Amino acid sequence: MGQISLRSVCRTYASEAFSLTVLDQADLEIPDSAFAVICGPSGSGKSTLLNMIGALDRPDGGTITIAGTDIATLNEKQLAKFRNETIGFVFQSFHLLPVLTAAENVAWPLYFQGVKRRERMEIAREKLALVGLSDHANKLPGKLSGGQRQRVAIARALVCNPRIILADEPTANLDRKTAQGVLDLMSDLNAHHGVSFLCATHDNLVVEHARQIISLSEGKLHMQVVPTLNEVARHA
Ligand SMILES: Nc1ncnc2c1ncn2[C@@H]1O[C@H](COP(=O)(O)OP(=O)(O)OP(=O)(O)O)[C@@H](O)[C@H]1O
Ligand SMILES: [Mg+2]
């Protein structure tokens, strides 16, 4: 079984007036140390899928297994712990706390692991340095640009050393040079530290880095595996 596994997953948004099925008995197997992208037009359900894999939203049916755990079997407290230890999130709209500085935002998830403030802040500064924001650690999000806020969100996703990072449009607000820098960082974490990435994206730069390309169409998921250069050479 893959590190992320979906079996017959269904998700329908329903109200009295309408019903919209985003996932219809969808199956997916994402291996360990993946660099996967989810492609699909706006409104096709990419964020919905990420939210369910990250256990922020529950499917109406089917099973989602992450790192061997069927997430439906966890209660709220166990789920919060599981998310904190296993998964890092980069949300489409960042979700930074406006009253905390960049460094405090990055440090925040460590609070739930009982890490003392001084150590938390030290780790947060390390992660901010990784995304090129050492000089902005003490600024409030309101004083940062969109791209800088996005990088703070990426640093925060990294802070607990998760095995899996779920990223919703991680490069959407970045200039190309910064986007390339963020992708280099993600590729390095993937190749040398085995961190899996699952990104919803429209950005070709991200798609070019992917080893698994997942498309969402008519409620089903299809995964295409991109051969490595070695594999291409072997079959030539
Ligand atoms: N809470 C909700 N209630 C009702 N419908 C919703 C809800 N959230 C999303 N939808 C609908 O479900 C569909 C999928 O939404 P989702 O946000 O997953 O798309 P997406 O692929 O991430 O789009 P984008 O590329 O624009 O971010 C859309 O048609 C959206 O309008
Ligand atoms: Mg979305």
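The protein appears in an unreviewed UniProt entry as ABC transporter ATP-binding protein YtrE from Pelagimonas phthalicica. Under the Sequence similarities (unreviewed entry) heading, UniProt states for the protein: "Belongs to the ABC transporter superfamily. Macrolide exporter (TC 3.A.1.122) family."

Enquirer: Can you lay out the sheet that holds strand E5 (residues 69-70) for me, pointing to particular residues and giving the numbers?
Expert: Two orientations exist for strands paired in a sheet by backbone hydrogen bonds: parallel and antiparallel. The sheet built from four strands is open, its strands ordered E2-E1-E4-E5 with antiparallel pairing. The open sheet terminates on both sides in strands that have one partner only, identified here as strand E2 (19-30) and E5. Bridge count for strand E4 (residues 61-66) against E5 is two bridges, and the pairing is antiparallel. Paired with threonine 65 across the bridge in E5 is aspartate 70. Docked against the sheet, helix H1 (residues 46-53) engages strand E1 (4-14), E2 and E4, running at close to 125° with respect to E1.

Enquirer: Account for the nonpolar core, naming residues and giving values.
Expert: Ranked by internal contacts, the top residues of the largest apolar core, which has 45 residues, are Val37, Leu128, Val152 and Phe197. Those residues in contact with leucine 128, other than ones at most four positions away along the chain, are Ala102, Ala103, Val106, Leu133, Ser134, Ala137, Val152 and Ala155. Counting 32 residues, the second-largest nonpolar core is a separate cluster that includes Val22, Ile38, Leu49 and Leu166.

Definitions and cut-offs
- Residues numbered from 1 in each chain as written.
- Chains lettered and ligands numbered in written order.
- Predicted model: local features only at pLDDT ≥ 70, side-chain atom pairs only at ≥ 80, totals over all residues.
- Heavy atoms only, no water.
- UniProt positions renumbered as here; feature names shortened; annotations may be inferred.
- Pairing = 2+ DSSP bridges.
- Helix = DSSP H or I, 4+ residues; strand = E, 2+ residues; numbered from the N terminus.
- Contact = heavy atoms within 4.5 Å.
- Axes fitted to C-alpha atoms, helices over the stretch in contact; angles between N-to-C directions.
- Core = buried A, V, L, I, M, F, W, Y, C linked by side-chain atoms within 4.5 Å.
- Buried < 20%, exposed > 50% of the residue type's maximum accessible area, 1.4 Å probe, protein only.

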